[in-house]
Amino acid sequence: MRKVEVRAGEAEEGAVVDAARTGDESAFAELAERYRPELQVHCYRMLGSFEDSEDLVQETFLRAWRGREGYQGRATFRAWLYRIATNACLDFIDRRPVARQTAAGGRSGGMPAVAVPWLQPYPDRLLDSIASNQDTPDTAVVAKETIELAFLAAIQHLPPRQRVVLILRDVLGWSARETASLLEASVASVNSALQRARPTLRNHIPERRLEWAPSEEPSEHERAVLQRYMAAIEHADDVALAELLSEDARASQQPGAGGYEGLEPACVEGREAIIAAWAPALHGPHAVEFRFVPTRANRQPAAASYIRAPGDSAYRAFALSVLRVEDGGVAELATFASDLFPAFDLPTTL
């Protein structure tokens, strides 16, 4: 098969149509791969799971290749892929048990992120590849206020089609007409879905997070707080922890974090309660030694923890904690299992 040279801009549609009609798989794949990072983030927002988002991007490309003759260049190649990815995610959600199609209800003002059992953190190193790509048409794809865990958890409470509409309209900035075209729906139904989605989102997101200022770069302050947090745990320093945690701080743990399985996520609220809950691991006969590796997830500071039990020679992967920093302290810690360490380029032992 002849090689189709891939070009950006006005030549893109012609190249894709040509590749589709002639069956040039390498050219088609090269064009599709350009959009893999942002399509995975789109699937991640839809599903809340990093691992599922990887699978659904692969499903998107498989569907696109099989249906390549259906692309005639009337829409951009990017929009065509978004349509396929969105439908693949909706099909995936339909196959979930009903309990997993949307997160359970709860109090307003923000539930812990880990209260959504399938929610997983997303490595910043992958988000950075989008932000640094000058060909990416939409910097909103990785904007902090729509990729933080609190936002991801909140939109999981929306019915799937409302979730799609809110993501396309309020996150990516698509017009009502473009969104209606992708969903093969009317503009009126899209506008109606958005009007229903916004109040639900506000009801499930922490009030102060409604005032986010867009930001992609970690601040020096966040890095300093993260270092203080890791040092306090490593040195089992309750005083340092008390100075670092907000009075109404919240620490939550997803089932499976640290190797502990359970039916419900654990959540501890309040500075004193958190320190008391962590005391057995930091002090006394059953204490373990902690070591940390700093990282970032969802545009937030994160700490990969490793523990060394008495008599062990190595520090072994324990959990990944994502910090929400406010007013000079840690307002929330969401802790997840260490399964995703490879996605963060983290070792399993130290």
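Fair warning: this is a prediction, and the values are worked out from it, not measured in the lab. (Residues numbered from 1 in each chain as written. Predicted model: local features only at pLDDT ≥ 70, side-chain atom pairs only at ≥ 80, totals over all residues. Heavy atoms only, no water.)

A. Spatial organisation of the environment of S252. Relative to the helices and strands, S252 is located in strand β1 (residues 245-253). Judged by its relative accessible area of 3%, S252 is buried. Separated by 17 residues in sequence, S252 and E269 have C-alpha atoms that sit 8.4 Å apart. Discounting chain neighbours no more than four positions away, the residues touching S252 are P112, V114, A266, C267, E332, L333, A334 and T335. (Helix = DSSP H or I, 4+ residues; strand = E, 2+ residues; numbered from the N terminus. Buried < 20%, exposed > 50% of the residue type's maximum accessible area, 1.4 Å probe, protein only. Contact = heavy atoms within 4.5 Å.)

B. Just helix α10 (residues 176-183), in detail. Every buried residue belonging to α10 is among A176, T179, A180, L182 and L183, and all of these are buried. Taken end-on, α10 shows its buried residues confined to a sector of 160°, consistent with a single buried face. Phi turns positive one or two residues past the end of α10, at E184, with a value near 55°. (Arc of directions from axis to C-beta.)

C. Structural context of helix α9 (residues 160-171). With twelve residues, α9 ought to run about 16 Å at 1.5 Å a step, and its terminal C-alpha atoms sit 15 Å apart, in line with that. Every buried residue of α9 is listed here: P160, Q162, R163, V164, V165, L166, I167, L168 and V171. G173 sits one or two residues past α9 and shows a positive phi near 75°. (Expected span 1.5 Å × (residues − 1).)

D. Main features of unusual backbone geometry. Its identity is not glycine, yet R299 carries a phi of approximately 60°, on the positive side. Looking at the element boundaries, R299 is found in the loop between β3 (289-297) and β4 (300-308). Residue R299 is classed as buried on the basis of its relative accessible area of 2%. Positive phi outside glycine occurs at D345, with the angle close to 60°.

E. Structural context of the confidence of the model for the chain. When pLDDT is averaged along the chain, the result is 85, and 81% of the positions lie at 70 or above. Predicted confidence is poor over residues 210-216, with pLDDT under 50, and the contacts of this stretch with residues over four places away or in other chains come to 14 contacts. (pLDDT = per-residue confidence, 0-100.)

F. View of the packing of helix α3 (residues 36-47) against α9. Interaxial distance between α3 and α9 falls to 10 Å at its minimum, and their mutual angle equals 135°. By the angle class used here, α3 and α9 are oblique. Note on packing geometry: the crossing formed by α3 with α9 is right-handed. For the pair α3 and α9, contact is made by H42, R45 and M46 and by P160, R163, V164, I167, L168 and V171, respectively. Classifying every residue of the contact of α3 with α9 by side-chain character gives six nonpolar, one polar and two charged. (Axes fitted to C-alpha atoms, helices over the stretch in contact; angles between N-to-C directions. Parallel < 35°, antiparallel > 145°, perpendicular 65-115°, else oblique. Left-handed = near helix turned anticlockwise from the far one by under 90°. Nonpolar A, V, L, I, M, F, W, Y, C, P; charged D, E, K, R; others polar.)

G. Structural context of the packing of helix α4 (residues 50-66) against helix α5 (residues 77-95). α5 packs onto α4 with a crossing angle of 125° between their chain directions and a minimal axis gap of 9 Å. The orientation of α4 relative to α5 falls into the category oblique. For α4 against α5, the interelement crossing comes out right-handed. On the side of α4, the interface is formed by D52, L56, E59, T60, F61, R63 and A64, while α5 contributes W80, L81, I84, A85, N87, A88, C89, D91 and F92. A class-by-class count of the residues in the contact of α4 with α5 yields ten nonpolar, two polar and four charged.

H. Here's a closer look at the state of the cysteines. Tallied over the full model, the rule gives zero disulfides. C89 provides the cysteine sulfur closest to C43, a residue in no disulfide bond, and the two sulfurs are 3.6 Å apart. We classify C43 as buried; its relative accessible area is 0%. A residue is classified by how much of its surface remains accessible, and C89, at 0% relative accessible area, is buried. (Disulfide = S-S within 2.5 Å.)

I. Representation of the packing of aromatic side chains within the structure. One pass over the full model with this rule turns up 15 aromatic pairs. Between F28 and W80 the ring centres are 6.4 Å apart and the planes differ by 85°, which places this aromatic pair in the edge-to-face class. Here F28 is found in helix α2 (residues 25-33), whereas its partner W80 is found in helix α5, with 52 residues between them in sequence. Looking at W80, the relative accessible area reads 12%, which means it is buried. Aromatic pair Y35 and F77: ring centres 6.1 Å apart, planes at 55°, arrangement tilted. On the criterion of sequence distance, the pair formed by Y35 in the loop between α2 and α3 and F77 in helix α5 is long-range, its members being 42 residues apart. For Y35, a relative accessible area of 8% puts it in the buried group. Its relative accessible area of 0% is what places F77 among the buried residues. One aromatic cluster is present, formed by F28, Y35, W65, Y71, F77 and W80 through successive ring pairs. Directly above the aromatic system of W65 lies the positively charged group of R68, at a separation of 3.8 Å from the ring centroid. (Phe/Tyr/Trp six-rings, centres within 6.5 Å; stacked < 30°, edge-to-face > 60°. Lys NZ or Arg CZ within 6 Å of the ring centre and 35° of its normal.)

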